[in-house]
Amino acid sequence: MISKTSSTVEMVTQGKLEINTENVEDKKSGSLGCFGWLLVIISLLIVVATFPLTLFVCVKIVKEYERAVIFRLGRITDRKPKGPGLFFVLPCTDTFVKVDLRTVSFDIPPQEILTKDSVTVSVDGVVYFRIHCPISSVANVSNAHSSTRLLAQTTLRNVLGTKNLSELLSDREGISISMQEALDDATDPWGIKVERVEIKDVKLPQQLQRAMAAEAEASREARAKIIAAEGEMKASRALKEASLVIAEAPSALQLRYLQTLNTIAAEKNSTIIFPLPLDMIQCFMQRK
């Protein structure tokens with residue numbers, strides 16, 4: 001027990017030492033140094049000496065949908081971007097980068113993808129994203145927009161490569177959600193939030209389209225034959241029941257004859273076929 005507690009104490013102390021060293025390094029990296037502060041003071045003196053004219057150089061404006069990341073002697077001065085509105089920069093030591101916070105959309109070019117069941121398809125899509133952390137988008141990646149586009153293409157290939165053709169055609173919403181989650185996790189260190197991913201079109205080879213159409217037509221014909229056979233079976237059962245009823249009452253057959261004549265006469269036909277009962281023919285044959 002004593003050894004375990006001592007080991008845990010050592011681990012905690014090591015962790016604290018690592019955290020303290022990281023904080024010291026961050027503070028050292030954030031400080032400008034003596035020479036840097038000297039340049040800042042000289043820049044301030046130049047601004048004061050040429051005060052009316054330096055307003056045109058030192059005062060900057062960013063719009064409502066923009067933020068400005070300020071670099072002083074190559075270092076980020078504040079962990080919070082400036083804007084919207086007016087902000088002040090030193091003419092000799094400060095530079096700034098404007099970042100647009102509006103939602104950006106781009107099309108994913110058609111990608112030739114081999115699905116899990118070895119079918120080659122061409123798939124394209126569209127991605128909607130925005131920058132939620134301007135400092136990360138400037139400091140952690142050289143070109144956030146281009147990197148997101150390239151990452152979207154590779155993510156589309158990786159996600160669709162694990163799907164079958166049937167899943168690709170029927171579960172587009174699930175594929176879009178999985179792509180959005182993968183892109184959002186990958187671009188979070190860049191300060192980018194992926195809002196939406198949509199699959200636009202899935203293009204199949206012509207031979208595969210013809211094969212699928214023939215398969216669908218064959219399945220439709222098979223269902224039609226089954227339905228027709230079931231209808232004939234039901235009709236034969238109904239005729240059997242009707243014949244049994246007519247056999248019990250012979251007069252019902254005559255009534256059926258009259259009903260058939262009424263139906264034929266209602267259609268305004270020039271020729272009417274009158275069924276002759278077999279009983280009358282048998283009477284004439286017996287007399288002969």
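Coordinates for the structure precede this section.
Residues numbered from 1 in each chain as written. Predicted model: local features only at pLDDT ≥ 70, side-chain atom pairs only at ≥ 80, totals over all residues. Heavy atoms only, no water.

1. Quick look at the side chain of Thr 155
Line of reasoning, step 1. Examined against the element boundaries, Thr 155 turns out to sit in helix H5 (residues 144–160).
Line of reasoning, step 2. By relative accessible area, Thr 155 is classed as buried at 9%.
Line of reasoning, step 3. In terms of polar contacts, Thr 155 uses its side chain to reach the backbone carbonyl oxygen of Leu 151, at 2.7 Å.
Line of reasoning, step 4. Not counting chain neighbours up to four residues away, the residues in contact with Thr 155 comprise Met 179, Ala 182 and Leu 183. (Helix = DSSP H or I, 4+ residues; strand = E, 2+ residues; numbered from the N terminus. Buried < 20%, exposed > 50% of the residue type's maximum accessible area, 1.4 Å probe, protein only. Polar contact = N/O pair within 3.5 Å; in protein donor to acceptor, adjacent residues only side chain to side chain. Contact = heavy atoms within 4.5 Å.)

2. What about empty space enclosed by the protein?
Line of reasoning, step 1. Taken as a whole, this structure holds 1 cavity of 30 Å³ or more when the rule is applied.
Line of reasoning, step 2. What the largest cavity holds in volume is close to 30 Å³. (1 Å grid on protein atoms, 1.4 Å probe; cavity = no way out; pocket = protein on both sides within 12 Å on 5 of 7 lines; lining within 4 Å. Points joined across faces, edges and corners; volume = space filled by probe spheres on them.)

3. Structural notes on unusual backbone geometry
Line of reasoning, step 1. The peptide bond linking Gly 83 to Pro 84 adopts the cis configuration, its omega dihedral lying at -5°.
Line of reasoning, step 2. Structurally, Pro 84 is set in the loop between strand S3 (75–76) and strand S4 (85–88).
Line of reasoning, step 3. The backbone of Leu 73 shows a phi angle near 55°, a positive value even though the residue is not glycine.
Line of reasoning, step 4. Its place among the elements puts Leu 73 in the loop between strand S2 (66–72) and S3.
Line of reasoning, step 5. With relative accessibility at 34%, the residue Leu 73 sits in the partly exposed group.
Line of reasoning, step 6. One non-glycine residue, Ser 118, lies in positive phi territory at about 60°.
Line of reasoning, step 7. Looking at the secondary structure, you find Ser 118 in the loop between strand S6 (104–114) and strand S7 (120–131).

4. A few points about the pairing of S7
Line of reasoning, step 1. Taken across its 12 residues, S7 has 9 buried, putting it largely inside the fold.
Line of reasoning, step 2. Sheet topology note: the S6/S7 ladder contains 9 bridges and is antiparallel. Along S7, the bridge assignment pairs Ile 113 with Val 121.
Line of reasoning, step 3. Hairpin connection of S6 to S7: 5 residues between the antiparallel strands, including Ser 118 at a positive phi of 60°.
Line of reasoning, step 4. Pairing of S7 with strand S8 (residues 192–203) involves 10 bridges; the strand directions are antiparallel. Note that in S8 the partner of Ile 131 across the bridge is Ile 192. (Pairing = 2+ DSSP bridges.)

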